Amino acid sequence: MLLKRKIALVTGGASGVGRATCHMMAGEGAGVIVADLDEGGAAKTANAIGEAAFPITLDVSDERMWVQACAHIVEALGRLDIVANIAGIGRGGSIEDTDMDDWNAMIAVNLTGTMLGCKHGLKTIVTSGGRGAIVNMSSIGGLVGPSDIAGYCASKGGVTTLTKSVAMHCAEKGYPVRCLSIHPTYVDTEMLDPVADAGGISRTDLTAGMAKLVPMGRVAAADDVANAVVFAASDRAAMMSGSALLVDGAQLAGPPSAHF
Ligand SMILES: NC(=O)c1ccc[n+]([C@@H]2O[C@H](COP(=O)([O-])OP(=O)(O)OC[C@H]3O[C@@H](n4cnc5c(N)ncnc54)[C@H](O)[C@@H]3O)[C@@H](O)[C@H]2O)c1
């Protein structure tokens, strides 16, 4: 029970990595607030978990909704210990064909949404007497820059350094809050459906192709990433803050071998 009696807010809880994290955190003893723009999806995740979870509708890019959500959590549960900023969107495009609507949407959800989760999550944890961590979902694209996802990399690179600034602030203030970022390779979730559709192939064929780019020979499962989030949020990671945790099957460990 890594998160016994902790209260955790998880964004993006309706799908993929967020949903897997909600289930895993509840299994580790946490009370979980399942937050998502997708109201029905959040309710479905919370219902599947049972008494340990309740859903809220939250657009992470909307500051007023964060204020309301945090007030509601403290009123209902008395405290907040953990925020997992997992909600995110992905749109393709190299720097030459980056569409402004796609750029603005990714910055709003991936970067502004995470910033607001850090800002209001931290304030709520500290003022409610909580102790824990803020875990931000970045990507390998927040550390390196594949050519075909320029805007996504920019938004996730922002998450990487924002995390370090939040970690430094918490440490300097003596707050009982750590802040870490998680950097997965390709994860087999609903996020890959439009990528497969755009390529005119099935998700199975898409992930098979992606797996060839990962030295360990497979893409990540949502649970692989949720495991890292739960660890980062738990007291087992007590001396880790500002860290960037790779969940990448060694993809960024080095260039492919030249010895055949
Ligand atoms: N799937 C991958 O290959 C992959 C790889 C690296 C990083 N990531 C990151 O992991 C995170 C989770 O991705 P996933 O694969 O589970 O995707 P997903 O599409 O399965 O889930 C994303 C969730 O975020 C929610 N969401 C989108 N916009 C929102 C908003 N404005 N407010 C609140 N919720 C919103 C969606 O409704 C959805 O439930 C994202 O931050 C993503 O960038 C994914």
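Another point: unusual backbone geometry. Even without a glycine there, the phi angle at Arg5 is positive, about 65 degrees. Relative to the helices and strands, Arg5 resides in the segment before β1 (7–11).

What follows covers the environment of Tyr186. Note that Tyr186 resides in the loop between β6 (177–184) and α6 (193–199). Classification of Tyr186 as partly exposed rests on a relative accessible area of 23%. In sequence terms Tyr186 and Gly92 are 94 residues apart; their C-alpha atoms lie 14 Å from each other. Contacts of Tyr186, omitting those with residues within four sequence positions, involve Met210, Leu213, Val214, Val219, Ala220 and Gln251. Engagement of the side chain of Tyr186 in a polar contact is seen with the side chain of Gln251, the distance being 3.4 Å.

The next point concerns the sheet that holds β6. In space, the seven strands of this open sheet follow the order β3-β2-β1-β4-β5-β6-β7, with parallel pairing throughout. The strands lining the two open edges of the sheet, one partner per strand, are β3 (53–57) and β7 (244–247). The average angle at which neighbouring strand axes cross in this sheet is 20 degrees, direction not considered. For β6 and β7, the ladder comprises four bridges, and the chain directions are parallel. Note that in β7 the partner of His183 across the bridge is Leu246. Sitting on the sheet, helix α1 (residues 16–27) is in contact with β1, β2 (31–36), β4 (82–85) and β5 (132–137), with an inclination near 170 degrees to β1. Sitting on the sheet, helix α2 (residues 39–49) is in contact with β2 and β3, with an inclination near 175 degrees to β3.

Okay, the pattern of salt bridges next. Pairing between side chains of opposite charge can happen when the charged atoms of each approach one another. Counting across every chain of the model gives eight salt bridges. For Arg19, the salt bridge identified is with Glu190, shortest N-O distance 2.8 Å. With Arg19 in helix α1 and Glu190 in the loop between β6 and α6, this pair connects stretches of sequence that are 171 residues apart. Owing to a relative accessible area of 29%, Arg19 belongs among the partly exposed residues under this scheme. The closest approach of N and O atoms between Asp62 and Arg64, which form a salt bridge, is 4.0 Å. In this structure Asp62 comes out as partly exposed when scored by relative accessible area, which is 21%. Residue Arg64 is classed as exposed on the basis of its relative accessible area, which comes to 64%.

Turning our attention to helix α7 (residues 203–211). Considered for burial, the residues of α7 that qualify are Leu206, Thr207, Met210 and Ala211. Down the axis of α7, the buried side of the element spans an arc of 135 degrees, and every buried residue falls inside it. Looking at the buried residues of α7, the elements they touch are α6.

Another point: the pairing of β6. Buried residues dominate β6, accounting for eight of its eight residues. Inspection of the sheet shows β5 paired to β6 by six bridges, in the parallel sense. By the bridge assignment, Val135 is partnered in β6 with Leu180.

A few words now on the domain arrangement of the chain. Here the chain is described as being made up of domain 1 (7–184 + 221–244) and domain 2 (190–219). A C-alpha centroid distance of 24 Å is found between domain 1 and domain 2. Each partner contributes residues to the interface: domain 1 has eight residues there, and domain 2 has four residues. For the domain 1 and domain 2 pair, buried surface summed over both sides reaches about 370 Å², with 37% attributable to carbon and sulfur atoms. Counting the contacts that link domain 1 with domain 2 gives two salt bridges. With a closest N to O distance of 2.8 Å, Asp224 and Arg218 form a salt bridge. Taken together, the links from domain 1 to domain 2 amount to four residue pairs in polar contact (both at pLDDT 80 or more). Counted by class, the side of domain 1 that touches domain 2 contains two nonpolar, four polar and two charged residues.

Each value, and the rule that gives it
Residues numbered from 1 in each chain as written. Predicted model: local features only at pLDDT ≥ 70, side-chain atom pairs only at ≥ 80, totals over all residues. Heavy atoms only, no water. Helix = DSSP H or I, 4+ residues; strand = E, 2+ residues; numbered from the N terminus. Buried < 20%, exposed > 50% of the residue type's maximum accessible area, 1.4 Å probe, protein only. Contact = heavy atoms within 4.5 Å. Polar contact = N/O pair within 3.5 Å; in protein donor to acceptor, adjacent residues only side chain to side chain. Pairing = 2+ DSSP bridges. Axes fitted to C-alpha atoms, helices over the stretch in contact; angles between N-to-C directions. Salt bridge = Lys/Arg side-chain N within 4 Å of Asp/Glu carboxyl O. Arc of directions from axis to C-beta. Domains from an automatic or database assignment. Buried area = accessible area lost by both parts, 1.4 Å probe. Nonpolar A, V, L, I, M, F, W, Y, C, P; charged D, E, K, R; others polar.

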